[in-house]
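Architecture and fold: a report
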Amino acid sequence: MPCEPGVGRIRAQQTMSSVLIHPTEAGVTAQNYINGEWLASDSTFQSLNPANRNHVVGTVPVASRSQVRDAVLAAKAAFPAWKNKSWVQRGEIVDNLSQLIKRDLEELSRMVTIECGKPINEGRADVVEALHMAQYVAGLSRLPIGHAISSEIPAKDAYILRKPKGVVGVITPWNFPFAIPLWGILPAVLAGNTVVFKPSEETPIVAHKLAKLFEEAGFPRGVINTVHGFGEDTGDALVKDPDVNVMLFTGSLAVGKMIQQSAASEVHKFVVTEMGGKNATIVLEDANLDIAVNAAVLGAFKTSGQRCVTSGRMIVDKKVEAQFTERFLEKVKRIVIGDGLRDDVFMGPLISQEGVKKWQHHNAKAKEEGGEILFDGQVLTGPDHANGNFVEPFVYRFASYKPDTFCLKEEAFSPHVAIIGVDGIEEAVRVYNDTKYGLAMAVITEDYRKFRYVRDNADYGLGYVNLPSIGAEVHLPFGGVKGSGNGHPAAEGAIEAVTHKVAFTVNHAHEIVMAQGLSTTL
Ligand code: NAD
């Protein structure tokens, strides 16, 4: 079994063409979008609704390596003219996009839910977050993009400016199929770069709709290209293309690490990797347990535990662990699981059968490693669930921390939750830090001194107090530390990763005067 998401799924998806196509739901035919043209490929695959695998959402081309090359060359050719537009001119096209997203919000939200399974309120939140990103980036186009700064020499003007880097490759995961692509693509194009976008093979139809909106918004040909396909071919071709200057990758640690390693041999290539997490909610002895239990349920089970920020660990002070656990389990039993288009559903399906196998593997490891099983979630096979990838939550407990276990260290990316008893705040933080990841941490406490201790001693990129470990706003940075990210968060500040910061100095005198008193006489 693969331990990291995605590694084994690629092969599973490639065999899906044998799946029955419902006669009335043949779905969308997606195409690659290269240099302003809509292009097919020699081979195709099908995107299936994870709530009903008999529903083919669409048929999708597998872009060949030479099509990826064409897309990169198109982006390279479009770069000079695009970078010579003003930031405000580029921002106006981004603003067009934001208006189109607003126009199509309900249709897009439904498509997100149909293709990636998350309940419709989450599908809508994904699209709303994308809308906010477009609005934010359009607004940035009228804000300072550098600054003037004093020189040691009075007759000199000095500036710090930002210049685009060229062709940016964007590779994204499936779980926020509309918002995450825009976290990278929009800052990149606003700054004057051009883009080749390789969306997840799990959610290509959402990506196709997005590409249609790029065209309608008026991005010139070649500025944003979209190539569909699987990671090991289409994605790999993009990562290794010599004319790609920046790779913006969001996905699993296993793939992010490979991308970092492959880019390391090309000195001009700058790589951003936003990866997974083994996040936690820390419940301290003084916690308000209403907040703690709600935060735990939202943090563990939104998107069926398939968020990078999902809390798979509840690190709970032993003084309140029994109470917390009882109330947590009460809520777990009430979770409604089903097709995300139904309003009463809290948890939709897992993305694929491979995701179900991964969840089973993590559950088996928890049993093998001595976890006390509190809620032995099963695969759902009843009439409402038979054709979907539906599973129940799986909850277990370690009365005391057990280091060196697979189940407490590896990302499960599913509704798989450990409750771990700890003695006090210092052990809580030690246990929290004891993974290779450092993405999201929530602490539940009423004591400002305690949350300050956790704030300053835990390893995370996203910290929350009296909240679940999930939730993003586009004007805040989004990223992690350690194995979760290499220090270039998405959303706020993403402009930094896609631009060079340059110093530019102008002499207004009639002779040369140098800083540091450097002599200019021969
Ligand atoms: P994944 O790593 O399997 O795939 C992500 C993307 O990488 C896909 O487009 C895939 O086709 C591509 N890819 C796969 N192999 C490749 C290769 N060899 N070369 C180039 N590209 C390749 O991840 P996923 O299953 O789509 O998403 C889940 C993972 O993403 C989880 O680990 C989750 O925590 C993480 N994630 C992180 C963030 C974040 O902001 N930190 C956000 C969402 C998801």
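Residues numbered from 1 in each chain as written. Predicted model: local features only at pLDDT ≥ 70, side-chain atom pairs only at ≥ 80, totals over all residues. Heavy atoms only, no water.

**Thoughts on the sheet that holds strand 19 (residues 462–465)**
Strand pairing within a sheet occurs via backbone hydrogen bonds; the two strands may be parallel or antiparallel. Put simply, the test is: By definition, two strands form a pair when at least two bridges between them are found by DSSP. Elements are defined by DSSP. Helices are runs of H or I of four residues or more, strands are runs of E of two residues or more, and each kind is numbered from the N terminus. Helix axes are fitted only over the stretch in contact, all axes being lines through C-alpha atoms; the angle between N-to-C directions runs from 0 to 180 degrees.
Ordered by their spatial adjacency, seven strands build an open sheet running 15-16-17-14-13-18-19, and the pairing between neighbours is mixed. Bordering the open sheet on either side are strand 15 (372–375) and strand 19, each of which pairs with just one other strand. Put simply, the sheet's adjacent strands are angled 20° from each other on average, direction ignored. As paired strands, strand 15 and strand 16 (residues 394–398) are joined by three bridges and run antiparallel to one another. Across the sheet, residue phenylalanine 375 finds its bridge partner in strand 16, namely valine 395.

**Quick look at the site of the ligand**
What counts is decided by this rule: Note on terminology: near, applied to a residue and a molecule or strand, indicates that one of the residue's heavy atoms is within 4 Å of it. Any N or O atom pair separated by 3.5 Å or less is treated as a polar contact, with the protein-specific requirement of one donor-capable and one acceptor-capable atom, and with residues adjacent in sequence counted only for side-chain atom pairs. The split into domains, and so the bounds of each, comes from an automatic or database assignment of domains.
Surveying the vicinity of the ligand reveals 30 residues, the closest of which are Lys198, Glu201, Ser252, Met275 and Glu411. In the environment of the ligand, an oxygen atom lies 2.6 Å from a nitrogen or oxygen atom belonging to the side chain of glutamate 201. Taking glycine 251, its main chain carries an N or O atom lying 3.4 Å from an oxygen atom of the ligand. For the shell around the ligand, the elements supplying multiple residues, two or more each, are helix 8 (231–240), strand 11 (246–250) and helix 9 (253–263). Tallying contributions element by element places helix 8 first for the shell around the ligand, with four residues. Two domains share the shell around the ligand, each providing at least three of its residues, namely domain 1 (20–275 + 485–502) and domain 2 (279–465).

**Digging into the pattern of salt bridges**
Side chains that differ in sign of charge can pair as their charged atoms come close. For clarity, the cut-off: The term salt bridge refers to a side-chain nitrogen of Lys or Arg lying within 4 Å of a carboxyl oxygen of Asp or Glu. Here's how the labels work: a residue is buried when its accessible area is under 20% of the maximum for its type, exposed when over 50%, partly exposed in between, all with a 1.4 Å probe on protein chains only.
A full pass over the atoms with the stated rule returns 27 salt bridges. In this structure, aspartate 434 and lysine 409 form a salt bridge, with 3.1 Å as the shortest nitrogen-oxygen distance. Taken together, the residues aspartate 434 in the loop between helix 13 (424–433) and strand 18 (440–444) and lysine 409 in the loop between strand 16 and strand 17 (416–422) connect sequence positions 25 residues apart. The exposure class assigned to lysine 409 is buried, which follows from its relative accessible area of 17%. A salt bridge links lysine 482 to aspartate 459; the nearest nitrogen and oxygen atoms lie 3.1 Å apart. Placement of the pair is lysine 482 in the loop between strand 20 (477–478) and strand 21 (490–491) and aspartate 459 in the loop between helix 14 (448–457) and strand 19, with a sequence separation of 23 residues. Residue lysine 482 is classed as partly exposed on the basis of its relative accessible area, which comes to 38%. A network of salt bridges, in which partner residues are shared, links Arg69, Lys76, Asp241 and Asp243.

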